[in-house]
Amino acid sequence: MTTNGWFQIGFFFLVILLVTKPIGVFMIRVFNREKTFLDPVLRPVERLVYWLTGVDESREMGWTEYTISMLLFSAVSMVLLYLIERTQHWLPFNPQKFTNVDPTLAWGTAASFTTNTNWQAYSGEATMSYFTQMMGLAYHNFVSAAVGIVLAIVVIRGISRKETNQLGNFWVDTTRCLLWVLLPVCLVGSLVLVSQGVVQNLKPYTTVDLIQPYAAQMTGPDGKTTTQIVTQQVIAQGPVASQEIIKELGTNGGGFFGANSAHPFENPTPFSNLLEMLAIFAIPSGLTYTLGRMTGSQRHGWAVWAAMAFLFLLAVTATYWAEAKGNPLLANTDQRATALQSGGNMEGKEVRFGIANSALFATVTTDASCGAVNGAHDSFTPLGGMVPLINMMLGEVVFGGVGAGLYGMFVFIVLAVFIAGLMVGRTPEYLGKKIESYDVKMAMLAVLILTFTILGFSAISVVRPYGTSSISNPGPHGLTQILYAYVSSAANNGSAFGGLNPNTLWFNTTTGTAQLLGRFFMIIPVMAIAGSLARKRIVPASAGTFPVTGGMFSGLLVCTILIVGALTFFPALSLGPILEHLLMQAGKFF
């Protein structure tokens, strides 16, 4: 670990802190339908959208109607993406003449992008046409992010409103989120990325002659290996910048290229790397301020932010330490950080970013449900790779995905308040509303859905040949590869341990199912809690009311997350990355 590395991490954290309030205030204005500087341009567009679609912008919905509208919208969007993938060979903007996507892969990808997971069992530049990338995948990057944000707003309304069933209008909230929040930022952000060298065109791939041809081992259809001299290289390109910015801002993940944000056409410079990380955390961080202001308790919003920030700093410190320490099996290799080398474990990392920015990016992308990567998590040290795994096991509530992080944290807030109520021996209260058995049951249902989905599919995969045949490393590392796949899917993250081959009937089907369960089956109980709180009246605080505005509450919230989230998966972690670390210390590797 170096001073420069810590400075970069500290600078990132400071910028996130500084943008939290401005973004939070802007989100309040957008969703409370207050005046903004964008209104003269966007308000006529908004009215036109409502006129064309027949939406009554003055009408509000209850939690059930809001949820059903969201589910129907997501289902239709998923079917549309599936059809685009299955017919891309006949659609325009396909200069590489890519064939139609295989049915199981198309289904898995459609489920992935609809749920904001963006898990990819394929290499983007070798599978998807420009039309599929733009009209299918990029479209879902926008709408799935918007769905997450508006659901968080609904949860906040449920907390702040009293004795009502009205929580807003899904179609109005989604339209305003797209027009006021996501599209303007992405328009500017994509141009900034282009200025850094991110490509944006519709040209066919370019074939160039290599200056230095090289020999490569090729395996033919008959299984025989031959040596061939490679003299040319195909340079992939396309409409990358426009997809890259929403991939990060919407915490989607899903790279245009197989190498994701490690590819120089997606993430070419240290500045673009910083910009992409900031985009991942900006909206989730701002929503904590929105929570505080809209509920009338700004200190509560900052208490939630503090809990998230503590867990983030803990995770990035652990990852940076593990990767900077290096591999003990390379005992005779100089792994110190010097002016001439980054030191530590550089396997799977871009020399442009080094240890610090690789550890920071890995932490940010798995704290949020983004899944974009600028390094290979499969090549991290066992403990370094375990931290991103734990981040997702917590439900990705450490800032988390756009909206999803906040309503996921809301589940743990309910549980923390319930625990506090048990300790003081009275009915738990949250910002003036009593937390009753129905609310706690719904919160636990959301937690158990994630747990059973991950552990259930992982258990089957590690004992059946259609699961184990996809791992590239035996022993505990192979277990971690499978576990990571289902954790990433159920948590709607989308990053992967690259050593696993997920493009099989089993993994395409089960990871897609895990993504749908992790997204929509968690949303339903959360929305039920929001509807329940909105119907309740405010009760005045008393001497026995547990405050949710200070360091004590932040500490209790952190402990609840770690106990309920992390310890649930400790047995699996002990057989995977923890065991691998101990064996590595004993001189064994996988």
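Please refer to the structure placed before this passage.
Residues numbered from 1 in each chain as written. Predicted model: local features only at pLDDT ≥ 70, side-chain atom pairs only at ≥ 80, totals over all residues. Heavy atoms only, no water.

A. Seen up close, the overall build of the chain. On a plain count of helices and strands, the chain comes out with 19 helices and four strands. For a compact globule of 590 residues, the expected C-alpha radius of gyration is about 25 Å, and the chain comes in at 24 Å, within 12% of that figure. Reported as C-alpha extents along the three principal axes, the dimensions of the chain are approximately 80 × 60 × 50 Å. The buried share among the 590 residues of the chain stands at 57%. Across the chain, 32 positive and 29 negative side-chain charges occur, with their mean positions spaced 9 Å apart. (Helix = DSSP H or I, 4+ residues; strand = E, 2+ residues; numbered from the N terminus. Rg over C-alpha atoms; globule rule 2.2 N^0.38 Å. Buried < 20%, exposed > 50% of the residue type's maximum accessible area, 1.4 Å probe, protein only. Lys, Arg positive; Asp, Glu negative; His and termini not counted. Charge placed at Lys NZ, Arg CZ, Asp CG, Glu CD.)

B. Looking closely at a nonpolar patch on the surface. Together, Leu14, Leu17, Leu18 and Trp302 make up an exposed nonpolar region whose accessible area comes to about 350 Å². At three residues, helix α1 (residues 3-31) tops the list of elements feeding residues into the nonpolar patch. (Patch = residues over 30% accessible without salt bridge, like charges linked within 9 Å, V, L, I, M, F, W, Y side chains within 5 Å. Areas by Shrake-Rupley, 256 points an atom, 1.4 Å probe, with all protein chains shown as cover. Salt bridge = Lys/Arg side-chain N within 4 Å of Asp/Glu carboxyl O.)

C. Representation of the nonpolar core within the structure. With 128 residues, the main nonpolar core has Phe12, Leu182 and Phe312 as its most contacted residues. Sorting elements by how many residues they give to this core places helix α5 (residues 130-160) first, with 15 residues. Residue contacts for phenylalanine 12: discarding those within four places in its chain leaves Leu274, Met277, Leu278, Phe281, Phe312, Leu360 and Val364. Ala110, Ala111, Leu137 and Trp506 belong to the second largest nonpolar core, which has 21 residues in total. (Core = buried A, V, L, I, M, F, W, Y, C linked by side-chain atoms within 4.5 Å. Contact = heavy atoms within 4.5 Å.)

D. Molecular detail of the pattern of salt bridges. Under the definition given, this model contains 17 salt bridges. Notably, a salt bridge pairs aspartate 173 with arginine 157, separated by 2.7 Å at the nearest N-O pair. Here the residue aspartate 173 occupies a position in helix α6 (residues 170-196), and arginine 157 occupies one in helix α5, the gap between them amounting to 16 residues. Both residues of the pair, aspartate 173 and arginine 157, count as buried. Two residues, glutamate 429 and lysine 434, come together in a salt bridge whose shortest N-O distance is 3.5 Å.

E. Spotlight on the packing of α5 against helix α7 (residues 241-249). Contact geometry of α5 with α7 gives a least axis separation of 9 Å together with a crossing angle of 25°. In terms of axis orientation, α5 runs roughly parallel to α7. Judged by the sense of rotation from one axis to the other, the crossing of α5 with α7 is left-handed. For the pair α5 and α7, contact is made by Gln133, Leu137, Ala138, Asn141 and Phe142 and by Gln243, Ile246 and Lys247, respectively. Along the lines of polarity and charge, the residues of the contact of α5 with α7 split into four nonpolar, three polar and one charged. (Axes fitted to C-alpha atoms, helices over the stretch in contact; angles between N-to-C directions. Parallel < 35°, antiparallel > 145°, perpendicular 65-115°, else oblique. Left-handed = near helix turned anticlockwise from the far one by under 90°. Nonpolar A, V, L, I, M, F, W, Y, C, P; charged D, E, K, R; others polar.)

F. Representation of helix α16 (residues 505-535). With 31 residues, α16 extends 45 Å between its outermost C-alpha atoms, agreeing within 8% with the 45 Å of an ideal straight helix rising 1.5 Å per residue. Of all 31 residues in α16, 23 are buried; the element is thus mostly enclosed. (Expected span 1.5 Å × (residues − 1).)

G. Region of the structure containing the packing of aromatic side chains. For the structure on display, the rule yields 26 aromatic pairs. Relative to phenylalanine 312, the ring of phenylalanine 281 lies with its centre 5.4 Å away and its plane at 70°, an arrangement referred to as edge-to-face. In this pair, phenylalanine 281 sits in helix α8 (residues 270-294) while phenylalanine 312 sits in helix α9 (residues 298-325), placing the two residues 31 residues apart along the sequence. Residue phenylalanine 312 is classed as buried on the basis of its relative accessible area, which comes to 0%. Cation over ring: arginine 176 sits above tryptophan 180, and NZ or CZ is 4.1 Å from the ring centre. (Phe/Tyr/Trp six-rings, centres within 6.5 Å; stacked < 30°, edge-to-face > 60°. Lys NZ or Arg CZ within 6 Å of the ring centre and 35° of its normal.)

H. Focus on the environment of glutamate 85. Topologically, glutamate 85 is positioned in helix α3 (residues 63-86). As for glutamate 85 and glycine 136, which are separated by 51 residues in sequence, their C-alpha atoms are 7.8 Å apart.

I. Geometry of the pairing of strand β1 (residues 206-219). Pairing between β1 and strand β2 (residues 225-235): 10 bridges, direction antiparallel. Considered in β2, the bridge of glutamine 217 is made with threonine 227. Hairpin connection from β1 to β2: five residues lie between these consecutive antiparallel strands, with glycine 223 at a positive phi of about 90°. (Pairing = 2+ DSSP bridges.)

J. A look at α3. For α3, which comprises 24 residues, the first-to-last C-alpha distance of 35 Å matches the rise-based estimate of 34 Å (1.5 Å per residue) to within 8%. Considered for burial, the residues of α3 that qualify are Trp63, Tyr66, Thr67, Ser69, Met70, Phe73, Ser74, Ser77, Met78, Leu81, Ile84 and Glu85.

K. Representation of the side chain of glutamine 243 in the model. Mapped onto the fold, glutamine 243 is located in helix α7. Taking the relative accessible area as the measure of exposure, glutamine 243 reaches 3% and is therefore buried. Polar side-chain contacts of glutamine 243 include one of 3.2 Å to the side chain of glutamine 133. If sequence neighbours within four positions are ignored, glutamine 243 has contacts with Gln133, Leu137, Ala138, Asn141, Gly254 and Phe256. (Polar contact = N/O pair within 3.5 Å; in protein donor to acceptor, adjacent residues only side chain to side chain.)

L. Expanded view of the packing of helix α15 (residues 475-490) against helix α19 (residues 577-585). Following both chains from N to C, one finds α15 and α19 inclined at 155°, their axes separated by 8 Å at the closest point. Judged on the interaxial angle alone, α19 and α15 are roughly antiparallel. Relative to α19, the crossing made by α15 is left-handed. Facing α15, whose interface residues are Pro476, His477 and Thr480, α19 presents Pro577, Leu579, Glu580 and Leu583. For the contact of α15 with α19, the class distribution of residues is four nonpolar, two polar and one charged.

None of this, on its own, says anything about what the molecule does.
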